[in-house]
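Spelled out from the first residue to the last, the chains are:
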Amino acid sequence: KRGKIQIGILWIMIIICYITTNIQTTPVYVMMPLDVVDENGNLHNWNTMQGWLKKLRSETAIKGIMIDVWWGLVEKQPRIYNWKPYRDLFNFCRDNNIAVSAVLSFHQCGSNVGDNVYIPLPEFVRKKRNILHRSIRMGKL
């Protein structure tokens, strides 16, 4: 009888080990500060940020970062794009096995409670009169 109980306990332990090692967890992404890229198109505090990201990846269970890619910083003039700071950050993340969830932000930053930075829409958009939001879904394009 004692041997059957021990075998039963062993099987329960094997099942628990199997279940706990095969549970699918939800990946966790950390939101980057809003001012990662400054108004001049440079990565803000880049050396500090590199150390922080490496430490975050090596000492925690995070999968990656979430970052706003601001239209007002990428396209300051019509059809002239500066992706360099974002490309540098994304390459660093790739090289350090940090996943990236990039959110293309086509709105201004700085009008919400707690915003510590102001990133306006591109000036050429702000100067345009009667600009309306249009989408295929609304049947206007």
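Going by the structure above, here's the rest.
Computed from a prediction, not measured in an experiment: that's the story for all the values here.

K.L.:
Explain the overall build of the chain here, please?
P.N.:
For the chain, the helix and strand inventory stands at 5 helices and 3 strands. A buried classification covers 25% of the 141 residues belonging to the chain. Residue pairs in contact within the chain that sit at least 24 positions apart in sequence constitute 66% of those at least 6 positions apart. Accessible area for the chain stands at about 10900 Å²; split by element, carbon and sulfur atoms hold 56% of it.

K.L.:
Which parts of the structure should I look at to understand the sheet that holds strand S3 (residues 99–105)?
P.N.:
Strand pairing in a sheet is mediated by backbone hydrogen bonds. Such pairs are either parallel or antiparallel. Pairing in this open sheet of 3 strands is parallel, and the strands run S1-S2-S3 from one edge to the other. Single-partner strands in this sheet number two, and they are strand S1 (29–31) and S3. Along the sheet, successive strands turn relative to each other by an average axial angle of 30°, direction set aside. Across 3 bridges, S1 lies against strand S2 (residues 64–70) in parallel orientation.

K.L.:
What am I meant to see in the pairing of S2 here?
P.N.:
Regular strands place side chains that alternate from one sheet face to the opposite one. With 7 of 7 residues buried, S2 lies mostly within the body of the structure. Considered for its hand, the β-α-β crossover made up of S1, helix H2 (residues 46–59) and S2 is right-handed. Across 7 bridges, the pairing between S2 and S3 is parallel. In the sheet register, methionine 66 faces S3, and the bridge partner there is serine 101.

K.L.:
Explanation requested: helix H4 (residues 84–95) in the structure shown.
P.N.:
Residues lying three or four places apart along an α-helix face the same way, a consequence of the helix completing one turn every 3.6 residues. Counted at 1.5 Å a residue, the expected span for H4 with its 12 residues is 16 Å, and the 16 Å between its end C-alpha atoms agrees. Turning to H4, its buried residues are Pro85, Tyr86, Leu89, Phe92 and Cys93. What you see down the axis of H4 is that its buried residues fit within an arc of 125°, all on one side. Along H4, exposed side chains directed more than 90 degrees from the buried face belong to Arg94 and Asp95. Looking at the buried residues of H4, the elements they touch are H2, S2, helix H3 (71–74) and S3. Of the residues trailing H4, asparagine 97 is marked for its positive phi of about 55°.

Procedures and definitions
Residues numbered from 1 in each chain as written. Predicted model: local features only at pLDDT ≥ 70, side-chain atom pairs only at ≥ 80, totals over all residues. Heavy atoms only, no water. Helix = DSSP H or I, 4+ residues; strand = E, 2+ residues; numbered from the N terminus. Buried < 20%, exposed > 50% of the residue type's maximum accessible area, 1.4 Å probe, protein only. Contact = heavy atoms within 4.5 Å. Areas by Shrake-Rupley, 256 points an atom, 1.4 Å probe, with all protein chains shown as cover. Pairing = 2+ DSSP bridges. Axes fitted to C-alpha atoms, helices over the stretch in contact; angles between N-to-C directions. Right-handed = clockwise from strand over helix to strand, strands pointing away. Expected span 1.5 Å × (residues − 1). Arc of directions from axis to C-beta.

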